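Here is what each chain is made of, one letter per residue.
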Amino acid sequence: MASSSEAEILRVSQVIRDRWKIKSKVGGGGFGEIYEASDLQNHNESVAIKVESSKATKQVLKMEVAVLRRLQGKRHACKFYGCGRNDEFNYLVMSLQGKNLADFRRETPRQCFSLSTSIRIAHQILEGIREIHSIGFLHRDIKPSNFAMGRSTSNQRTVYMLDFGLARQFLNQKGEMRSPRSAAGFRGTVRYAAVTAHKNKEMGRQDDLWSLFYMLTEFIQGSLPWRKIKDKDEVGRMKENVDLNSLLEECPLELHQFALHLKTLGYMDTPDYDYLSRLLSQVERENGISQDDPFDWEIN
Ligand code: ADP
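Read on for a plain summary of the structure. Bear in mind the structure is a predicted one, so any value in this text is a computation, not a measurement.

## Some remarks on the overall build of the protein
Part 1: Scanning the protein for helices and strands turns up nine helices and 10 strands.
Part 2: For the protein, the spread of C-alpha atoms along the three principal axes comes to 55 × 50 × 40 Å.
Part 3: Here the protein holds 300 residues, and the buried ones make up 49% of them.
Part 4: Residue pairs in contact within the protein that sit at least 24 positions apart in sequence constitute 62% of those at least 6 positions apart.
Part 5: A total accessible area of about 14,900 Å² is found for the protein, and carbon and sulfur atoms account for 46% of it.
Part 6: Looking at the protein, you have 44 positive and 39 negative side-chain charges, and the mean spots of the two groups are 4 Å apart.

## A look at the sheet that holds strand β2 (residues 20–28)
Part 1: In space, the six strands of this open sheet follow the order β1-β2-β3-β4-β6-β5, with antiparallel pairing throughout. Looking along the sheet, the strands with just one partner apiece sit at the ends: β1 (15–16) and β5 (80–85).
Part 2: Contacting β4 (45–53), β5 and β6 (89–95), helix α1 (residues 61–70) crosses the sheet at an angle of about 25° to β6.

## Some thoughts on the site of the ligand
Part 1: Around the ligand sit 18 residues, and of these Lys50, Gln97, Asn100, Ser145 and Asp163 come closest.
Part 2: Taking Asn146, its side chain carries an N or O atom lying 3.0 Å from an oxygen atom of the ligand.
Part 3: In isolation the ligand has 550 Å² of accessible area, and contact with the protein removes 90% of it.
Part 4: Listing elements by their share of the shell around the ligand, those giving two or more residues are β4 and β6.
Part 5: Grouping the constituent residues of the shell around the ligand by class yields seven nonpolar, nine polar and two charged.

## Side note on unusual backbone geometry
Part 1: Even without being glycine, Ser13 reaches a positive phi, approximately 80°.
Part 2: Looking at the element boundaries, Ser13 is found in the segment before β1.
Part 3: Phi is positive for Asp163, close to 65°, though the residue is something other than glycine.
Part 4: By secondary structure assignment, the location of Asp163 is in the loop between β9 (159–161) and β10 (168–169).
Part 5: Exposure remark for Asp163: the relative accessible area of 22% places this residue in the partly exposed category.

## Describing the state of the cysteines
Part 1: Tallying each qualifying case throughout the model produces zero disulfides.
Part 2: We note that Cys78 lacks a disulfide partner, and the nearest cysteine sulfur, in Cys83, lies 15 Å from it.
Part 3: The cysteine Cys112 is free of any disulfide, with Cys251 supplying the nearest cysteine sulfur at 10 Å.
Part 4: The exposure class of Cys112 is buried, given its relative accessible area of 12%.

## Points about helix α9 (residues 273–286)
Part 1: The end-to-end C-alpha distance of α9 is 20 Å, a good match for the 20 Å that 14 residues give at a rise of 1.5 Å each.
Part 2: Taken together, the buried positions of α9 are Tyr273, Leu276, Leu279, Leu280, Val283 and Glu284. Burial along α9 is one-sided: seen end-on, the buried residues are contained in an arc of 140°. Turned more than 90 degrees off the buried face of α9, the exposed positions are Arg278, Arg285 and Glu286.
Part 3: Tucked inside the fold, the buried residues of α9 contact α3 (115–134), α5 (205–221) and α8 (254–263).

## Focus: the nonpolar core
Part 1: The biggest cluster of nonpolar side chains holds 61 residues, and the ones touching the most others in it are Leu101, Ile125 and Phe213.
Part 2: For this core, the leading source of residues is α5, giving nine residues.
Part 3: Counting residues in each nonpolar core, the second largest holds 12 residues, with Ile16, Trp20, Ile49 and Tyr91 among its members.

## Comments concerning the packing of aromatic side chains
When we look at a pair of aromatic rings, we describe it by the centre distance and by the angle of the planes.
Part 1: Scanning the model with the defined rule gives 11 aromatic pairs in all.
Part 2: With 5.6 Å between their ring centres and 85° between their planes, Trp210 and Phe213 make a pair best called edge-to-face. Here Trp210 pairs with Phe213, and both are found in helix α5, just three residues apart, close to one helical turn.
Part 3: Taking 6.0 Å as the distance between ring centres and 25° as the angle between the ring planes, the aromatic pair formed by Trp210 and Tyr214 counts as stacked. With Trp210 and Tyr214 both in helix α5 and four residues apart, the pair spans about one turn of that helix.
Part 4: Judged by its relative accessible area of 13%, Trp210 falls in the buried class.
Part 5: Through pairs of rings, three or more aromatic residues link up here, namely Phe104, Phe113, Phe219, Phe295 and Trp297.

Rules and cut-offs
Residues numbered from 1 in each chain as written. Predicted model: local features only at pLDDT ≥ 70, side-chain atom pairs only at ≥ 80, totals over all residues. Heavy atoms only, no water. Helix = DSSP H or I, 4+ residues; strand = E, 2+ residues; numbered from the N terminus. Buried < 20%, exposed > 50% of the residue type's maximum accessible area, 1.4 Å probe, protein only. Contact = heavy atoms within 4.5 Å. Areas by Shrake-Rupley, 256 points an atom, 1.4 Å probe, with all protein chains shown as cover. Lys, Arg positive; Asp, Glu negative; His and termini not counted. Charge placed at Lys NZ, Arg CZ, Asp CG, Glu CD. Pairing = 2+ DSSP bridges. Axes fitted to C-alpha atoms, helices over the stretch in contact; angles between N-to-C directions. Near = heavy atom within 4 Å. Polar contact = N/O pair within 3.5 Å; in protein donor to acceptor, adjacent residues only side chain to side chain. Nonpolar A, V, L, I, M, F, W, Y, C, P; charged D, E, K, R; others polar. Disulfide = S-S within 2.5 Å. Expected span 1.5 Å × (residues − 1). Arc of directions from axis to C-beta. Core = buried A, V, L, I, M, F, W, Y, C linked by side-chain atoms within 4.5 Å. Phe/Tyr/Trp six-rings, centres within 6.5 Å; stacked < 30°, edge-to-face > 60°.

This is how it looks when you write it as structure tokens:
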């Protein structure tokens, strides 16, 4: 479904490093292009390859590789298979996942998920965020299209975190907090960005969680009040002034508590991930949600 007018970096049937044969393009995001390929040295297993032109003004693949390597072994990370560069492009080979959550949401009749699907997905995303924070990085672009479900029977109910192109290290080599910069450029996606990002301030761990909070609210209700507003500053003001009771009208009360905890946190603070997880478990319990429930897209 490649619709880009720009020349694509790779072509179908091209083989990279005598090993990965390009099958099709699966995504073309802001910075790179994603292809499905088969691994000729491993029973033609399908893999994903993210490529970035060597001429790209913003080179982010190196950061992605660094983060993905450190995340190896974590539940919500893709497997890292290899990386490299030549005169034309930089590439990263990783496990191929299924559809992303923005695609799943778009396919629903009311652009929203059931409470059961929303909460269980959010719970896994919370774990994923905790994992990336545990290796000393912030993701800084938490949004539905940056999470995909697995595609094999063994992992199709697991959520995978994608796209570390905007990640930033918040711990230094010694494991201490890096000092916050007094000003930082806006990073992320307007709809899901935390107020800190709108204010061009240094983002902290709580800001990835604010993005999760906005995502979850949108999953449950089908939209956010600023969905049609293009102006970044206007959206920032709306988020800052929003009344939680009206924002969360159709959401469980625990989401208020979720937001109230985030409100207490500044750059230096460690979020209470266990508390947030307990809140989500409480919603699951109170609503008879079971881990065995089908996800919305598994019905029919
Ligand atoms: P960009 O940084 O260019 O936005 P992303 O890494 O966010 O690129 O990927 C764009 C899209 O490509 C994702 O939303 C997802 O649908 C798809 N994608 C990315 N990585 C994978 C993967 N490992 N497996 C399957 N699909 C992927």
